[in-house]
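Structure at a glance
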Amino acid sequence: MIVLKLGGSVITVKDKPMTPRPEAIRRLAGEIAEAGAKLILIHGGGSYGHPVASRYGIAGGYRSENQLRGFAETHQAMVKLNTLIVEALIEAGVPAIGVPPSSLIITTDGRITKLELQVIRGMLEMGLTPVLYGDAVLDTRRGFTILSGDQLASRLAVELGAERLIYGVDVDGVYTKDPKRGRGKLLERVTPSTLKELETASPTAFDVTGGMKGKVEEALRAAEMGVEVVILNAMREGIILKALRGEAVRGSWVVFDADD
Ligand code: ADP
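These figures come from a predicted structure and were not determined experimentally. (Residues numbered from 1 in each chain as written. Predicted model: local features only at pLDDT ≥ 70, side-chain atom pairs only at ≥ 80, totals over all residues. Heavy atoms only, no water.)

**Some thoughts on the packing of aromatic side chains**
- Inspection of every chain in the model, using the stated rule, returns two aromatic pairs.
- Both rings, one in Y62 and one in F144, keep their centres 5.9 Å apart while their planes meet at 80 degrees; by these two values the pair is edge-to-face. Remark: F144 occurs in strand β8 (residues 143-147) and Y62 occurs in the loop between α3 (46-55) and α4 (67-92); sequence separation between them is 82 residues.
- A relative accessible area of 42% means that Y62 is categorised as partly exposed. (Phe/Tyr/Trp six-rings, centres within 6.5 Å; stacked < 30°, edge-to-face > 60°. Helix = DSSP H or I, 4+ residues; strand = E, 2+ residues; numbered from the N terminus. Buried < 20%, exposed > 50% of the residue type's maximum accessible area, 1.4 Å probe, protein only.)

**Considering helix α5 (residues 118-126)**
- Every buried residue of α5 is listed here: I120, M123 and L124. End-on view of α5: buried residues confined to an arc of 100 degrees, all on one side of the axis. The exposed set on the far side of α5, more than 90 degrees from its buried face, consists of Q118, E125 and M126.
- In this structure, the buried side of α5 is in contact with β2 (39-43), β3 (96-98), β6 (129-133) and α6 (149-159).
- At the C-terminal side of α5, G127 shows a positive phi close to 100 degrees. (Arc of directions from axis to C-beta. Contact = heavy atoms within 4.5 Å.)

**Side note on α4**
- For α4, which comprises 26 residues, the first-to-last C-alpha distance of 38 Å matches the rise-based estimate of 38 Å (1.5 Å per residue) to within 8%.
- Positive backbone phi, approximately 105 degrees, marks G93, located one or two places after α4. (Expected span 1.5 Å × (residues − 1).)

**Description of the sheet that holds β3**
- Within the open sheet, the eight strands sit side by side as β3-β6-β2-β1-β9-β11-β12-β10. Their pairing is mixed. Edge positions in the open sheet fall to β3 and β10 (189-190), since each of these has one partner strand only.
- The pairing of β2 with β6 spans three bridges and is classified as parallel. Bridging across to β6, I42 finds its partner in L132.
- Strands β2, β3 and β6 of the sheet are contacted by α4, whose axis makes an angle of about 150 degrees with β6. (Pairing = 2+ DSSP bridges. Axes fitted to C-alpha atoms, helices over the stretch in contact; angles between N-to-C directions.)

**Focus: empty space enclosed by the protein**
- For the structure shown, the criterion picks out one cavity of 30 Å³ or more.
- Here the largest cavity is characterised by a volume of approximately 50 Å³.
- Every residue along the wall of the largest cavity is listed here: L6, I11, I25, L28, A29, I32, L41, I85, A88 and L89.
- Of all the elements in the fold, those that place two or more residues in the lining of the largest cavity are α2 (22-35) and α4.
- When residues in the lining of the largest cavity are grouped by element, the largest group, four residues, is from α2.
- Within the lining of the largest cavity, the residues separate by chemical class into ten nonpolar, no polar and no charged. (1 Å grid on protein atoms, 1.4 Å probe; cavity = no way out; pocket = protein on both sides within 12 Å on 5 of 7 lines; lining within 4 Å. Points joined across faces, edges and corners; volume = space filled by probe spheres on them. Nonpolar A, V, L, I, M, F, W, Y, C, P; charged D, E, K, R; others polar.)

**Observations regarding the pairing of β2**
- A large share of β2 lies buried, amounting to five of its five residues.
- A two-sided burial pattern is seen for β2, the buried positions comprising L39, L41 and H43 on one face and I40 and I42 on the other.
- Of the pairings in the sheet, the one linking strand β1 (residues 2-6) to β2 comprises five bridges and is parallel in character. Residue pairing for β2: I2 is matched across the bridge by L39.

So, in structure tokens, the structure goes:
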């Protein structure tokens, strides 16, 4: 079984609110259909979930009643994006089913502490393809918060014993510098110590939002539990098909090396 996380930067136009990339979505659905792997798909929020969640301060937790509308709107924005993905998959021939994380998960200070797996396991056994996403969820300390698709993907990969976890983003992998801000080197292997080095050596190693850093941290958690993890560029045609088939692809392998 494989867990595939598709980043919000791949399936939406990040700086235009509620703007999908229909062509990328259709192409990726086709590659997933062609691969025919047993799979859970997770997608990010991109320009759907993020703007509304940050406007209402959902990640920071409950402070006032008017945030409830923001919680509801954040979830609903994600449901809309999820519908686009699920419809594209069904159209391509994948029996995809949208599964709302807010109905299955509770976090504690942002980390998953309750996770209902029976339904997801049953769907996989049946041959269905569950499609989850980053979502607004209840949190035992904060009231509510935002659960990232990156954390969810890593946790599901570990809990369900996935053989591979693939993070698809809009760059070729992890670089020594944010590739959108300067020229760095692609790291084909990322370990806990490379992460530490990057953080201390260079202030431009990661973007301000911590998107790639957070992703590597989540990836390392799964790698530590024996999952093969790769971060690659899902904008490149055919790469998801290859990665799902286990063929060699350009990207960063995230490896937990205890002696590292
Ligand atoms: P997504 O939302 O698609 O899952 P993120 O935006 O969270 O992805 O993370 C991917 C982005 O991280 C890339 O578009 C890239 O610009 C940025 N980034 C920042 N620092 C780095 C780095 N050192 N290596 C690679 N990408 C980086």
